[in-house]
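# Results of the structural survey
Here are the chains, one letter per residue:
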Amino acid sequence: MIIICETKATENQINALQQKVREAGLEVHRSDGVEHTILGVVGNRNRLDMEAISMMPGVRDVVIVSTPYKLASREFHPDDTIVRIGEACLVGGMEVAVMAGPCAVESEEQIEASAEFVAASGAQILRGGAFKPRSSPYSYQGLGVEGLKLLRKAADKHKLAVVTEVMTIEQIQTVSEYADLLQVGARNMQNYPLLTALGHAGKPILLKRGMSATIQEWLMSAEYILTEGNPEVILCERGIRTFETATRNTLDLSAVPVIKHLSHLPIIVDPSHGVGTRRFVASMARAAVAAGADGIMIEIHPNPDKALSDGPQSLPFEEYGLLINRCRIIATTIGRRLGKAK
Ligand code: PEP
Ligand code: MN
């Protein structure tokens with residue numbers, strides 16, 4: 001249930017409303033929009049006298065939110081949420097953020113060369129896995145803390161922010177020391193204890209879509225983070241499992257407008273995991289920007305054929321540079337700006 005306050009509602013009236021909800025044993029989340037303050041009420045609403053609430057001063061409307069996710073819904077927060085990533089960028093506004101880098105950090109030389117090119121391309125955020133969720137236990141698992149250190153060092157040198165994956169609750173503190181944006185991988189989208197813990201991480205979260213997750217399940221996962229008090233969630237479409245085998249996954253670009261309709265959270269697209277094959281990445285990146293994505297995440301490598309993970313979908317630097325230039329033109333055409341302001 002949401003309580004929409006009148007435009008002229010006073011702080012005292014809003015406080016009284018919040019108090020009333022809390023007295024009934026329910027949780028209340030406040031969202032100050034451009035036009036109205038909205039109070040999101042979470043819990044058993046049978047314990048609340050809706051009639052009485054709607055009569056209280058400062059109340060414009062009381063609306064039942066029919067979706068199972070509440071705080072992630074557009075009803076609760078009509079304006080787009082804009083998430084700040086360090087000094088690097090704002091995700092969810094007019095900017096289209098660019099996150100790029102290798103699938104995994106492999107060595108100082110590899111991440112340094114990547115960071116240099118990523119920065120030169122005008123991207124804001126360096127990616128690179130240090131703790132890798134590999135489908136096979138025999139595949140490269142990442143450099144762990146050493147990888148985090150190398151990632152941070154390379155990013156700092158080139159004035160980039162850092163996004164990297166956190167796989168377990170135990171890793172949150174360590175990864176937070178090095179990263180500006182904490183990535184939840186597709187395989188962990190429904191790891192509810194991890195999501196709950198990330199609600200207290202004090203860092204923005206990049207929540208990738210599970211490979212078999214519906215949009216509703218994905219938004220429910222976001223809700224786990226939001227309800228713990230962390231409003232900084234960015235969604236990432238990275239392809240889902242379908243019957244199609246020509247691509248690694250099926251990149252669901254319709255998720256972009258659907259999420260924009262259902263939710264206020266920013267959404268970015270990762271075409272690299274979406275298609276899994278280098279030759280298809282650029283066209284889907286361009287399509288993502290055209291569809292209204294708030295950012296793109298691209299895997300690159302100084303020598304993709306020698307990459308320790310996801311080489312087949314990683315772009316060599318020149319191809320990535322071309323992709324960025326073309327995406328920038330598309331962003332400008334739709335009234336947005338891609339990458340760093342020059
Ligand atoms: C990644 O970003 O390298 C990754 C493992 O992605 P996903 O969780 O989408 O498979
Ligand atoms: Mn990868």
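Details of the structure are given in the entry above.
This report concerns the structure included in the present document. (Residues numbered from 1 in each chain as written. Chains lettered and ligands numbered in written order. Predicted model: local features only at pLDDT ≥ 70, side-chain atom pairs only at ≥ 80, totals over all residues. Heavy atoms only, no water.)

This part is about the environment of Thr-277. By the secondary structure assignment, Thr-277 is in the loop between helix H9 (271–275) and helix H10 (278–291). The partly exposed category is assigned to Thr-277, whose relative accessible area is 27%. If sequence neighbours within four positions are ignored, Thr-277 has contacts with Pro-312 and Gln-313. (Helix = DSSP H or I, 4+ residues; strand = E, 2+ residues; numbered from the N terminus. Buried < 20%, exposed > 50% of the residue type's maximum accessible area, 1.4 Å probe, protein only. Contact = heavy atoms within 4.5 Å.)

A few words now on the coordination of the manganese ion (ligand 2). Around the manganese ion (ligand 2), the protein contributes the donor atoms Cys-103 (SG), His-273 (NE2), Glu-299 (OE) and Asp-310 (OD), which lie 2.0 to 2.4 Å from the metal centre. Along the chain, the residues donating to the manganese ion (ligand 2) fall in the pattern C-x169-H-x25-E-x10-D. Of the two residues, Cys-103 is situated in the loop between strand E7 (95–101) and helix H3 (108–120) and Glu-299 in strand E14 (residues 295–299); the sequence distance between them amounts to 196 residues. On the basis of relative accessibility, which here comes to 0%, the residue Glu-299 falls in the buried class. (Donors = N, O, S within 2.8 Å, 3.2 Å for Na, K, Ca; no water.)

Right, let's get into the sheet that holds strand E3 (residues 37–42). Taken in spatial order, the four strands of this open sheet run E2-E3-E1-E4, and their pairing is antiparallel. Across the chains shown, the open sheet's two edge strands, defined by having one partner strand only, are strand E2 (27–32) and strand E4 (59–63). Along the sheet, successive strands turn relative to each other by an average axial angle of 20°, direction set aside. Inspection of the sheet shows E2 paired to E3 by six bridges, in the antiparallel sense. Across the sheet, the residue bridging to Glu-27 is Val-42, located in E3. Strands strand E1 (2–5), E2, E3 and E4 of the sheet are contacted by helix H1 (residues 11–23), whose axis makes an angle of about 155° with E2. (Pairing = 2+ DSSP bridges. Axes fitted to C-alpha atoms, helices over the stretch in contact; angles between N-to-C directions.)

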